[in-house]
Structure formats: C-alpha cells, structure tokens
2 protein chains.
Amino acid sequence: MHDHHAPQQAGVSYTGGGQLMPLSTLDRSQVDPVIRRLNVLRPLSMEARTSLEYAMLEGIQRAGAGEDLISEGDPVDSVRLVLSGWLCRYKTLEDGRRQIVNFLFPGESCDAHAFLLSVMDHSIAAMTPVVYTEIKRARFEGLVAADRALAEAFWCETLVNNAIQREWAINLGRRVAFERVAHLFCEIIERLRPVGMVEGNSCVMPVTQMDLADATGLSVVHLNRTVQELRASGLIVLRDRTLTITDLDALKDAALFSPSYLQLYRRA
Amino acid sequence: MHDHHAPQQAGVSYTGGGQLMPLSTLDRSQVDPVIRRLNVLRPLSMEARTSLEYAMLEGIQRAGAGEDLISEGDPVDSVRLVLSGWLCRYKTLEDGRRQIVNFLFPGESCDAHAFLLSVMDHSIAAMTPVVYTEIKRARFEGLVAADRALAEAFWCETLVNNAIQREWAINLGRRVAFERVAHLFCEIIERLRPVGMVEGNSCVMPVTQMDLADATGLSVVHLNRTVQELRASGLIVLRDRTLTITDLDALKDAALFSPSYLQLYRRA
DNA sequence: AAACCGCCTTCACGTAAGTTACGTCAATTA
DNA sequence: TAATTGACGTAACTTACGTGAAGGCGGTTT
C-alpha cells in the first residue's frame, strides 16, 4: 500500500521550488518552524538555537507523498523533525485495516527519544511531499545534554504529542462521526495556526478523503457523507484542496472541542 | 461522577491489610513493582534503586475506588507511581460521555515529566483501592539528574505509555467489538504478568463492565453482549471477578494482538 | 482526441452497535 | 424474611455506519 523507499538526500541549497538560494538566507527559514515551536514550549538560548540549527541543516532530506519515512518494526537510531509538508503516524492490522493515529505538521518531531526503545511500534508516512531533517542519536544526545532548556523543550514535545494521542482516543471512542470530523478539522486548524499555515480560518487540505477516513475511524463513504453534512450545515467550505471554516466557534461547539490539550500557549 | 477528595496519607508502616510490619521488610516489597519495572526498561545501579526507594517510601498514599488522584485542569507538581491496585486515565466530554484512554497497573507511573506542562489534560482515577507514592518535582528532578539510567528508564516508561496509547487508537478506530474486548483482555494479562499478578492465564478482574465499556468505546449493554460472545466462544471464563483465558493463543489471534508495542522484553 | 486514472460522490442494501425497558441474582440491611 | 441495592443479563427496536457497485469529473498520458 505504502512504498518504503529510502528517501533521497535533498541537499540543503535548494528550496522546495528548486531555486538556488544563498545558504545563509535559505537555511534559517527552512528550519525555522522547529525552532519556533520548541521556543514556545521552552524559551531557548541563542546558543541552543544555533547548535540545533546546524545539526538540522546537515541532515535535511525529502520524501514523496505516500512514502514511509520509517516503518513498523524498523530500528530507530535518529530523531526526525518536520520542516514542511503533512505526515501521519499509522498502524495497520494484518488484514489491511489502517488507522492513522496522529498527524505530524511542520515544526513537530517524531518522538525525540524513540531510540531508547528497540523498534518502531508504528509507521510514519508522508501524506504530501515533505522536507524533514534527521539527527543521529549521538548528535542529538550531545545537543540535549548541553542545554537543559532544549532537553525540556523536546520533553514537552513528547508530552504534548501524548496529550493529542489521548484526545484522539476519546474522539474515536466517544464522538459520533459528525463530531469526530468536526473535531479533526478544529485540531488541524489550531495546530497549523502557530506555524503560519492558516490565513483567517482557511488552510490547505492536501490529503485524500481516504486519509481523513483512516484518521477518524470511518469508511470513506461515511466520511464523505459526513463532510457533506458539515458543508450543508454551513460550518465549513471544503473545495479545491482548501478548507475554510466559516464559523469556527460553532464548529468547536459541534465538535465538543476544547483546545487545552494542545498546550499552544504554554509558557515556562 | 467521580469524587475528587484529597487521598489520605497512608503511613508506610501498614500493609494493605492493615497489619503492622517491620519497616525494613515491608517497605521494600511495597515499592518493588516500580523498581522491577524500571529495571526491565533500563538496568539500574544499586544506588539509583536505593535513592528512588527512599523517595518513594516517604510519599506513600492511598485512594479509594472511584476516587480521582488528579483531575483534568489540575496543576501538576509531582510524579505519581502506582504500588498496588488498578487505575485509569480518562477524559470526559461536556455531556458526560467518558472514555478511559489507558489503564495504570502496579509499577507504572503517571507521565514522569508531566509537570513540564501547565495542567492535566485528563484525569486519573482509582478503579480499585490503590496504594501509590507521590514524589515532588524538585525531589524527582534531583533523582533523575543524579543517575542517567534512571532518567532513561522514566523516559522509556513514557514512550511505552505512548505506544500503548497508539494501540488503543487503532483498537477504538478499527477493531470491531469482539476484537476490541479480546484485545483489551490480552493487553491486561500481558501487562499484569510481569508484575506477578497472573497465575497461569488467570487474573483478577476487579472493574465493572461499565469501566470496560468506557475503555473499549462501547455501551455497557453491547460490552455485555460481547463478553457473552467471548464466553460462548470458549476463549475466556469471566466469573467471580476473575478472568481466565482458556486459550490465549486463540484469543490473541481473534484480537489481532501483537505484543511488540508493550516492549515487555526490552533490554538495554 | 481518446483513453485512463485517482478521487469524489451517490445509490441500495446489510450489519453492527446504541437505546430503552425489564428480569435475574447475590450480597446487604432491616 | 423481606426489602434494598448494585451488577449483570436479555430482548425488541432504532439508528449509525459499513459494503459494493456505479457514475462523474478534472487532470494526465499516449
């Protein structure tokens, strides 16, 4: 279903569009989402930022849509940080049933210390073309050993990820289809907002309805029905791969959405 | 629904049954599940064990069935470790719908570094009478700062917890009721086994069907139906608050259970 | 231009799961 | 002994959701 090719080395001197840029300008902006996110979780010193930036710039890679970055059962020996694109964590059952258990957006990391466990219990796939960076275990451990705030920021990352995972559990277990999809859209918008990927209450929606179905535990058909319902209710417009939430407060009410689990406004 | 009284201070010189015991004998055995579990995740030095044991013995507390140890929205300033009894993490929606998102068994910890976040995103309740210990933030940070293996053990704890959470997501999203309940029973048995709470393939099942329903995202009635089905299939016997799995391999097959996510056999 | 493909949409139908209501049983308490 | 209670069990009915097949539609290939 999902190819598992080794993602190609990307070379840091190219933008997503393929244009040549001066290194000093380009690199900073490329890894900026990660720095920004960590800095919200824990204020970082200039030195911490710089050392992390260097490490990130040396490991930049790309992957195409549908490609696995890492698969269930693979050993882990590095930390991956998302620079652009949408990814998901997913698990499958032997008979092919698939559940997306989380999305990964720019600035976020695959579990920072996952290498402490022997192998991956789930897979991570690119849902769109993505740019990410890979920091080897030893390098990463050096970074966090050298700076307490940086270590805590990655800790927080994992904890927030954990909280999101719990919210997904109640979403799948106790919300009905309409609430479930509404909740997912609320979460997407609120997670993309701090990365600057939301204008007004609009964002791109680059994934297929099949992916949305796998994320909400529904069949494609029923997901589609539910999207129709959401459109008919006037809460959203979903067209041309763009999601616009026309009445965010109403959508949040309908979804029983309460954003505290996202810890977006966390300060030290 | 769930009371939220401050759990009473327990006094370390009493056993669960209330008998007086010599301190030196009693204490070790009481906190043993935690040491054993951490030691499986990362081999601990004698010093690390001892310092942790001291810290644990000073903070021992009890809670009654149904009581919240900590509730959604509460600030966190300590780490809690389970010594005996069954607990659960749960979240509720405004209208009362409740989802248990995980169980907590003896030896396990509430997220070790949860105090890095501002407030709890979920509640933790005792499903049976429990004994646990509470270590204040500063004390805990001292412990993990002093011993790298200990810090890594707690890291692993969180990561394993995370993996379990993901497995629950696919359980709720993609397994049908029969598989779902079967999977929960498999998980319970395999998580209780290393703590010595399983004899053969039997363990106590001290929680109500309502709790099991909230854990599997089903209604009580449908959970009950499903339990009947499991009994009728000859895979389990559930009677007198005791669960016996008569054919564990068959139950695992039916549940599409693969234990790797539990990381039970993790070695450094 | 034709053929194709991935994705979305809609139909008709079947099944799984929720709801309500009531019955049973064992353990308390009066 | 009877009343009470809480957990478990059963049934009839309703609803939400899944399945499989078919058509539409824009974009890409040949």
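Cut-off values and rules
Residues numbered from 1 in each chain as written. Chains lettered and ligands numbered in written order. Predicted model: local features only at pLDDT ≥ 70, side-chain atom pairs only at ≥ 80, totals over all residues. Heavy atoms only, no water. Helix = DSSP H or I, 4+ residues; strand = E, 2+ residues; numbered from the N terminus. Expected span 1.5 Å × (residues − 1). Buried < 20%, exposed > 50% of the residue type's maximum accessible area, 1.4 Å probe, protein only. Pairing = 2+ DSSP bridges. Salt bridge = Lys/Arg side-chain N within 4 Å of Asp/Glu carboxyl O. Contact = heavy atoms within 4.5 Å. Buried area = accessible area lost by both parts, 1.4 Å probe. Polar contact = N/O pair within 3.5 Å; in protein donor to acceptor, adjacent residues only side chain to side chain. Near = heavy atom within 4 Å. Nonpolar A, V, L, I, M, F, W, Y, C, P; charged D, E, K, R; others polar. Domains from an automatic or database assignment.

With that settled, consider helix 2 (residues 46-58) of chain A. Given a rise of 1.5 Å per residue, 13 residues ought to cover 18 Å, and the 19 Å separating the end C-alpha atoms of helix 2 of chain A matches this to within 8%. Within the sequence span of helix 2 of chain A, burial applies to Ala48(A), Leu52(A), Glu53(A), Ala55(A), Met56(A) and Leu57(A).

Here we come to the pairing of strand 3 (residues 78-84) of chain B. Residues and elements named next belong to chain B. A large share of strand 3 lies buried, amounting to six of its seven residues. Where strand 3 lies against strand 7 (residues 130-136), six bridges are found, and the strand directions are antiparallel. Along strand 7, the bridge assignment pairs Val79 with Ile135.

The next subject is helix 5 (residues 177-192) of chain A. The terminal C-alpha atoms of helix 5 of chain A lie 23 Å apart, and with 16 residues this matches the ideal 22 Å at 1.5 Å per residue to within 8%. For helix 5 of chain A, a buried count of 15 out of 16 residues is recorded, marking the element as mostly surrounded by other parts of the structure.

All names here are of chain A. Under the defined criterion, the tally for this structure stands at 50 salt bridges over all chains. Among the ionic pairs, Asp111 bridges to Arg89, the shortest N-O distance being 3.6 Å. Residue Asp111 is found in the loop between strand 5 (98-104) and strand 6 (123-126), and its partner Arg89 is found in strand 4 (residues 87-92); the two are separated by 22 residues along the sequence. Exposure class is identical for Asp111 and Arg89. Each is buried. Salt-bridge contacts for Asp211 lead to Arg98; the nearest nitrogen and oxygen are separated by 3.6 Å. With Asp211 in helix 6 (residues 209-216) and Arg98 in strand 5, this pair connects stretches of sequence that are 113 residues apart. Take Asp211 and Arg98: they sit in the same class, and that class is buried.

So, on to the interface of chain A and chain B. Counting from both sides, the interface comprises 51 residues of chain A and, opposite them, 51 residues of chain B. Of the roughly 4,800 Å² buried where chain A meets chain B, counting both sides, 58% is carbon and sulfur surface. Taken as a group, Trp155(A), Arg166(A) and Arg174(A) account for 19% of the area that chain A buries against chain B, more than any other trio of residues on that side. In this structure, the connection of chain A to chain B is made through twelve salt bridges. Note that Asp121(A) is salt-bridged to Arg166(B), the shortest N-O span being 3.0 Å. In this structure, the connection of chain A to chain B is made through 25 residue pairs in polar contact (both at pLDDT 80 or more).

A few words now on the pairing of strand 9 (residues 236-239) of chain B. Residue and element names in this part refer to chain B. Residues of strand 9 alternate between two faces, with Ile236 and Leu238 buried on one and Val237 and Arg239 left unburied on the opposite face. For strand 9 and strand 10 (residues 242-245), the ladder comprises four bridges, and the chain directions are antiparallel. Bridging from a neighbouring strand, Val237 pairs with Thr244 of strand 10. In this antiparallel pair of consecutive strands, strand 9 and strand 10, the connection spans two residues, and Asp240 shows a positive phi of 55 degrees.

This next bit is on the protein's contact with DNA strand D. In the region of DNA strand D, 16 residues are neighbours, and His222(A), Arg225(A), Gln209(B), Asn224(B) and Arg231(B) sit closest. Each atom of DNA strand D within 4 Å of the protein belongs either to a base or to sugar and phosphate, the latter forming 64%. Separating a phosphate oxygen of DNA strand D from a backbone N or O atom of Ser219(A) is a distance of 3.1 Å. In this structure, Gln209(B) approaches DNA strand D through a side-chain N or O atom, which is 3.0 Å from a phosphate oxygen. Those elements that place two or more of their residues in the surface near DNA strand D are helix 7 (220-232) of chain A together with helix 7 (220-232) of chain B. Here the surface near DNA strand D takes five residues from helix 7 of chain B, the largest share from any one element. Here the surface near DNA strand D is composed, by residue class, of five nonpolar, seven polar and four charged.

Attention now goes to the domain arrangement of chain A. Residue and element names in this part refer to chain A. As far as domains go, chain A holds domain 1 (23-165) and domain 2 (175-262). Relative to domain 2, the C-alpha centre of domain 1 lies at a distance of 24 Å. Contacts between the two partners involve 17 residues from domain 1, matched on the other side by 20 residues from domain 2. Between domain 1 and domain 2, the buried area comes to about 1,600 Å², and carbon and sulfur atoms account for 62% of it. Of all residues in domain 1, the largest losses of buried area upon contact with domain 2 belong to Trp86, Phe103 and Ile164, amounting jointly to 36% of the total for that side. Across the pair Arg191 and Glu108 runs a salt bridge whose closest N-O atoms are separated by 2.7 Å. Between the two partners, domain 1 and domain 2, sit eight residue pairs in polar contact (both at pLDDT 80 or more). Residue assignment for the side of domain 1 that touches domain 2 shows that the elements contributing at least two residues are helix 1 (23-41), strand 5 and helix 4 (148-174). Ranked by the residues each element gives to the side of domain 1 that touches domain 2, the list is headed by strand 5, at six residues. Of the residues contributing to the side of domain 1 that touches domain 2, the split by class is eleven nonpolar, three polar and three charged.

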